[in-house]
Amino acid sequence: MSKVAGRMSVQAAANFLQQPNGGAGLLIGGVPGVPPAKVVIIGGGVVGQHAAEMAIGLGGNVTILDRNNTVLDECEARWGAAVTTVYSTSSALEDLVTDADVVIGAVLVKGDTAPKLVTAEMVKAMRPGSVLVDVAIDQGGAFETSHATTHQDPVYMVDEVVHYAVANMPGAVPRTSTYALNNATLPFTLALADRGAKEAMLGDAHLKNGLNVTGGKVTEPSVADALGYDFTDPDAAIADLAS
Ligand SMILES: NC(=O)c1ccc[n+]([C@@H]2O[C@H](COP(=O)([O-])OP(=O)(O)OC[C@H]3O[C@@H](n4cnc5c(N)ncnc54)[C@H](O)[C@@H]3O)[C@@H](O)[C@H]2O)c1
């Protein structure tokens, strides 16, 4: 779903950058003689790289920030000079965000809410009609000024800056999303059907890692912590399951 949301984030940005839709009236790729829009992507993981793929394809001036050097290396190796990679610090963020036409929030901190990397002050300093797309809104959002929106009413303005923060972006493209989800999950479904839950998980550490709750016990530490339940070791919980 991150691949879908990452790709959609640039479609949304391109749409809301158009003047009749509240944006600054810019074409992401510009045209010969007119510079492209500046697209800043915060977080170069799955969402960020799929957003970059689309923004580069449209001819945008693309910058990716991350605080994981391996991710920055990956982006540099993948796109070379077509992308600028920047180690994410608060000063780099402030410089890039306040000069951006589009900012895409694509960060994830596992087991935690998204860090509020873009402050209300930064938003105030942006050019009118710039577009923020907060893909990380399902984890609380990466922008201080974000609140979750829906496909029925996807955007709102703060300080003349367009905010798009739909919490379930892939829901707008259900045909693509359903096939993508099936491609990723069908092998697990078949294993569960063929071998039963216990044997399927014992035979696949990756499937076992996805176990959150079984037999009334919470087996994922961050879920137990967030909801105030005791954590049970997944191996112990699986051993109690009937074969
Ligand atoms: N709105 C939606 O419909 C939708 C759909 C899918 C995913 N998401 C959300 O999108 C976000 C990104 O998901 P993902 O799958 O790409 O995660 P990911 O783990 O693949 O990538 C997250 C990246 O953020 C980077 N990061 C963390 N802290 C950072 C910081 N302070 N500065 C810069 N980079 C930082 C990490 O190093 C990592 O590369 C998540 O919050 C996810 O829940 C939303």
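As the structure is a computational prediction, the values presented were derived from the model and not from experiment.

**Let's talk about the site of the ligand**
Neighbouring the ligand are 32 residues; S2, A5, G43, G45 and V47 lie closest to it. Sort the elements by how many residues they give to the shell around the ligand and helix α2 (residues 46–57) lands first, with three residues.

**Re the sheet that holds strand β1 (residues 38–42)**
By way of backbone hydrogen bonds, the strands of a sheet pair with one another, either parallel or antiparallel. Sheet architecture is open: seven strands sit in the order β3-β2-β1-β4-β5-β7-β6, paired in mixed fashion. At either margin of the open sheet sits one strand with a lone partner, and together these are β3 (83–87) and β6 (155–158). Direction aside, neighbouring strands of the sheet carry axes that sit 20 degrees apart on average. Here β1 pairs with strand β2 (residues 61–66) via five bridges, running parallel. Directly across from I42, in β2, lies its bridge partner L65. Packing of helix α3 (residues 69–79) onto the sheet brings it into contact with β2 and β3, and relative to β3 it is tilted by some 170 degrees. Contacting β1, β2, β3 and β4 (102–105), helix α4 (residues 90–98) runs over the sheet at an angle of about 155 degrees to β2.

**Description of the pairing of β4**
Burial along β4 is two-sided: V102 and I104 and V103 and G105, pointing in opposite directions, are all buried. Strand direction decides the pairing type here: β4 and strand β5 (residues 131–134), joined by four bridges, are parallel. For I104, the partnering residue across the bridge sits in β5 and is V133. Read from β4 through helix α5 (residues 120–125) to β5, the crossover connection turns out right-handed.

**Brief notes about helix α1 (residues 2–16)**
Here α1 contains 15 residues, and its C-alpha end-to-end distance of 21 Å stays within 8% of the 21 Å for a straight helix at 1.5 Å per residue. Counting buried positions along α1 yields eleven of 15 residues, so the element is predominantly enclosed. Of the positions making up α1, those classed as buried are V4, A5, G6, R7, M8, S9, V10, A12, A13, A14 and F16. Residues of α1 that are buried in the fold lie against α2, β4, β5, β6, β7 (161–164) and α6 (174–202).

**Let's talk about the packing of α1 against α2**
Viewed as axis vectors pointing N to C, α1 and α2 meet at an angle of 40 degrees, and their least axial separation amounts to 7 Å. The angle between the axes of α1 and α2 places the two elements in the oblique class. Crossing of α1 against α2: the hand is right-handed. Contacts between α1 and α2 involve S2, K3, A5, G6, R7, S9 and V10 from the first element and V46, V47, G48, Q49, H50, A51, M54 and A55 from the second. When the residues that make up the contact of α1 with α2 are grouped by side-chain class, the tally is seven nonpolar, six polar and two charged.

**What to know about the domain arrangement of the protein**
Accessible area lost upon the coming together of the parts serves often as the stated size of an interface. Domain boundaries in the protein define domain 1 (2–172) and domain 2 (185–239). Centre-to-centre, using C-alpha coordinates, domain 1 lies 34 Å away from domain 2.

**Structural notes on the pairing of β7**
The side chains of a regular strand alternate between both faces of the sheet. Side chains V161 and H163 project from β7 onto one buried face, and the interleaved V162 and Y164 project onto a second face that is buried too. Relative to β7, β6 runs antiparallel, the two being bridged by four bridges. Residue pairing across strands places V158 opposite V161, the latter belonging to β7. Counted along the chain from β6 to the antiparallel partner β7, the turn is two residues long, and its residue D159 has a positive phi close to 50 degrees.

**Re the nonpolar core**
Counting residues in hydrophobic clusters, the biggest one holds 55 residues, and the most contacted among them are A13, L17, I41, I42, V102 and I104. Sort the elements by how many residues they give to this core and α1 lands first, with eight residues. Residues in contact with L17, not counting those within four places in the same chain, are G23, A24, L26, I28, A37, D101, V102 and V131.

**Examining the environment of R195**
Counting through the fold element by element, R195 comes out in helix α6. In this structure R195 comes out as partly exposed when scored by C-beta crowding, with 15 C-beta atoms within 10 Å. In this structure, the C-alpha to C-alpha distance between R195 and S243, residues 48 residues apart in sequence, is 8.9 Å. If we skip the residues at most four places from it in the chain, R195 touches A200 and G203.

**Structural notes on the environment of V71**
One can find V71 in helix α3. With 19 C-beta atoms packed within 10 Å, V71 lands in the partly exposed category. Through-space distance from the C-alpha of V71 to that of Y87 is 9.9 Å; in sequence the pair is 16 residues apart. Excluding anything up to four places from it in sequence, V71 contacts G44, G45 and D66.

Conventions and cut-offs
- Residues numbered from 1 in each chain as written.
- Predicted model: local features only at pLDDT ≥ 70, side-chain atom pairs only at ≥ 80, totals over all residues.
- Near = placed C-beta within 6 Å.
- Helix = DSSP H or I, 4+ residues; strand = E, 2+ residues; numbered from the N terminus.
- Pairing = 2+ DSSP bridges.
- Axes fitted to C-alpha atoms, helices over the stretch in contact; angles between N-to-C directions.
- Contact = placed C-beta atoms within 7 Å.
- Buried ≥ 20, exposed ≤ 12 C-beta atoms within 10 Å, placed from the backbone.
- Right-handed = clockwise from strand over helix to strand, strands pointing away.
- Expected span 1.5 Å × (residues − 1).
- Parallel < 35°, antiparallel > 145°, perpendicular 65-115°, else oblique.
- Left-handed = near helix turned anticlockwise from the far one by under 90°.
- Nonpolar A, V, L, I, M, F, W, Y, C, P; charged D, E, K, R; others polar.
- Domains from an automatic or database assignment.
- Core = buried A, V, L, I, M, F, W, Y, C linked by C-beta atoms within 7 Å.

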